[in-house]
Amino acid sequence: MRGFRRLYRATALLAHVLLGVVIACAILPLPSRPRLARRLGPWWLRRGASILGVRVMAHGVPAQEACLLVGNHISWLDILVLATQCDTGFVAKAEVGRWPLIGWLAEVGGTEFVQRGSHDSATRLLERMMRRLKQGERLTVFPEGTSRAQVVPGRFRPRLLQAAVEAGVHVQPVAIYYGAGAEILKRVAFVGEETFLHHLWLLLAADPVLAEVTFLPPLSTVLGDSRMLADEAWNAASYTLRRLELYELEAKHPGRTLHGVGLTHAV
């Protein structure tokens, strides 16, 4: 069964990637490429999520106006999950741009890349982000700086949130939840030295993935304090994730008392 699933998904995904290449080559020379990429990119990602068996349950709504979405980061699947719910550009580490074929498609689709640990790269990225936010786009960043196989995220770094401050747009926290069990976290998390192709190979044969994404109330940037924004966004996302974890524990162990467990990490 798993072998058949892998074969079916791999064939469908290959066809989908080739379709993406054809579309990218067609729009690449056009002056309207950025606008077309913003419309076609999310559709292409949504279709990819469906092929990989990623199902999404959404709570709340994404802001309709230009804003900076900030969320916890567990896997490259996070991008597919968010793309099923809203049209947004993404910021990714420079290594993603070097992934075979996928990196090139991401670049054509408008993904912004940053070299981790490089002050100059981050400075140039902030300028590009601010320009796109002022033009009315939505962008998404994962301000932990790395992905983690855990429910509650690491602290959000404030630097990239400065783009929203300078552009005068809201910051909207987002919480992405795949489950609290060790098995599901190990399956979906993309961490350590694992390669993208190896992780993808495993997912092609895996059971469907259910993700819950919660869009939380947007935060005003009027005070101009990116550190405060980062902390508020982390608190909002962490509280939501811890609450989902507690609900899952209660569902698995009905009748057990969970009073006093868990929420202290998100305050």
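Everything quoted here is computed from the prediction, not taken from an experiment.

Right, let's get into the overall build of the chain. Counting its secondary structure elements, the chain contains 9 helices and 7 strands. Here the C-alpha atoms of the chain give a radius of gyration of 19 Å, agreeing with the 18 Å that 2.2 N^0.38 yields for 267 residues. Within the chain, the proportion of its 267 residues that are buried is 51%. When contacts within the chain are restricted to residue pairs at least 6 apart in sequence, long-range pairs at least 24 apart make up 77% of them. Counting 31 positive and 22 negative side-chain charges, the chain places the centres of these two groups 5 Å from one another.

Right, let's get into the sheet that holds strand β7 (residues 209-215). Picture the strands of a sheet paired through backbone hydrogen bonds; they go either parallel or antiparallel. If you walk across this open sheet you meet the 7 strands as β1-β7-β6-β2-β5-β3-β4, and the pairing is mixed. Edge strands, defined here as strands with exactly one partner in the open sheet, are β1 (54-59) and β4 (112-114). Each strand axis lies, on average, 25° off the axis of its neighbour in the sheet, ignoring direction. Across 3 bridges, strand β3 (residues 89-93) lies against β4 in parallel orientation.

Another aspect to go through is the nonpolar core. Among the nonpolar cores identified, the biggest contains 45 residues, and Leu52, Trp76, Leu77, Leu82, Ile176 and Tyr178 are the most heavily contacted of them. The element best represented in this core is helix α3 (residues 77-83), accounting for 5 residues. In this structure, Leu68, Val114, Ala175 and Leu241 belong to the second largest nonpolar core, which totals 34 residues.

Topologically, threonine 140 is positioned in strand β5 (residues 138-141). A polar contact of 2.9 Å, which involves the side chain of threonine 140, links it to the side chain of threonine 88. What threonine 140 contacts, discounting residues up to four positions off in sequence, is Leu69, Leu82, Thr88, Gly89, Phe90 and Val91.

This brings us to helix α9 (residues 226-252). Across its 27 residues, α9 extends 39 Å between first and last C-alpha, which sits within 8% of the 39 Å expected from 1.5 Å per residue. Measuring from the backbone nitrogen of arginine 227 back to the side-chain oxygen at the start of α9 gives 3.1 Å, which picks out aspartate 225 as the cap.

Take helix α2 (residues 33-51) next. The end-to-end C-alpha distance of α2, which contains 19 residues, comes to 26 Å, matching closely the 27 Å that a straight helix rising 1.5 Å per residue would cover. Listing the buried residues of α2 in full gives Leu36, Ala37, Gly41, Pro42, Trp44, Leu45, Gly48, Ala49 and Ile51. Buried residues along α2 sit against α1 (2-27), β1, α3, β3 and α4 (102-108). Looking one or two residues past α2, glycine 53 carries a phi angle of roughly 80°, positive in sign.

Once that is clear, we can look at the packing of aromatic side chains. The full count for this structure, using the stated rule, is 3 aromatic pairs. For the pair tryptophan 99 and phenylalanine 190, a centre-to-centre distance of 5.7 Å together with 85° between the ring planes defines the contact as edge-to-face. Residue tryptophan 99 is located in the loop between β3 and α4, and its partner phenylalanine 190 is located in the loop between α7 (182-188) and α8 (196-205); the two are separated by 91 residues in the primary sequence. In this structure tryptophan 99 comes out as buried when scored by relative accessible area, which is 15%.

Examined against the element boundaries, arginine 5 turns out to sit in helix α1. With relative accessibility at 15%, the residue arginine 5 sits in the buried group. Among the polar contacts made by the side chain of arginine 5, one reaches the main-chain carbonyl oxygen of alanine 205 at a distance of 3.1 Å.

In total, this model carries 13 salt bridges according to the counting rule given. The partner of aspartate 87 in a salt bridge is arginine 46, with the nearest N and O atoms 3.4 Å apart. Placement of aspartate 87 in the loop between α3 and β3 and of arginine 46 in helix α2 is noted, with a sequence separation of 41 residues between them. A salt bridge links arginine 242 to glutamate 245; its shortest N-O distance comes to 2.3 Å. Here arginine 242 pairs with glutamate 245, and both are found in helix α9, just 3 residues apart, close to one helical turn. The pair formed by arginine 242 and glutamate 245 is uniform in burial state, with each residue classed as buried. In this structure, a network of salt bridges that share partners links the residues Arg38, Glu112, Arg128, Arg132 and Glu137.

Tracing the backbone through its elements, the reader meets glycine 53 in the loop between α2 and β1. In this structure the C-alpha to C-alpha distance between glycine 53 and phenylalanine 156, which are 103 residues apart in sequence, comes to 29 Å. Among residues more than four places away in sequence, those in contact with glycine 53 are Arg9, Pro208 and Val209.

Cut-offs used in this document
- Residues numbered from 1 in each chain as written.
- Predicted model: local features only at pLDDT ≥ 70, side-chain atom pairs only at ≥ 80, totals over all residues.
- Heavy atoms only, no water.
- Helix = DSSP H or I, 4+ residues; strand = E, 2+ residues; numbered from the N terminus.
- Rg over C-alpha atoms; globule rule 2.2 N^0.38 Å.
- Buried < 20%, exposed > 50% of the residue type's maximum accessible area, 1.4 Å probe, protein only.
- Contact = heavy atoms within 4.5 Å.
- Lys, Arg positive; Asp, Glu negative; His and termini not counted.
- Charge placed at Lys NZ, Arg CZ, Asp CG, Glu CD.
- Pairing = 2+ DSSP bridges.
- Axes fitted to C-alpha atoms, helices over the stretch in contact; angles between N-to-C directions.
- Core = buried A, V, L, I, M, F, W, Y, C linked by side-chain atoms within 4.5 Å.
- Polar contact = N/O pair within 3.5 Å; in protein donor to acceptor, adjacent residues only side chain to side chain.
- Expected span 1.5 Å × (residues − 1).
- Phe/Tyr/Trp six-rings, centres within 6.5 Å; stacked < 30°, edge-to-face > 60°.
- Salt bridge = Lys/Arg side-chain N within 4 Å of Asp/Glu carboxyl O.

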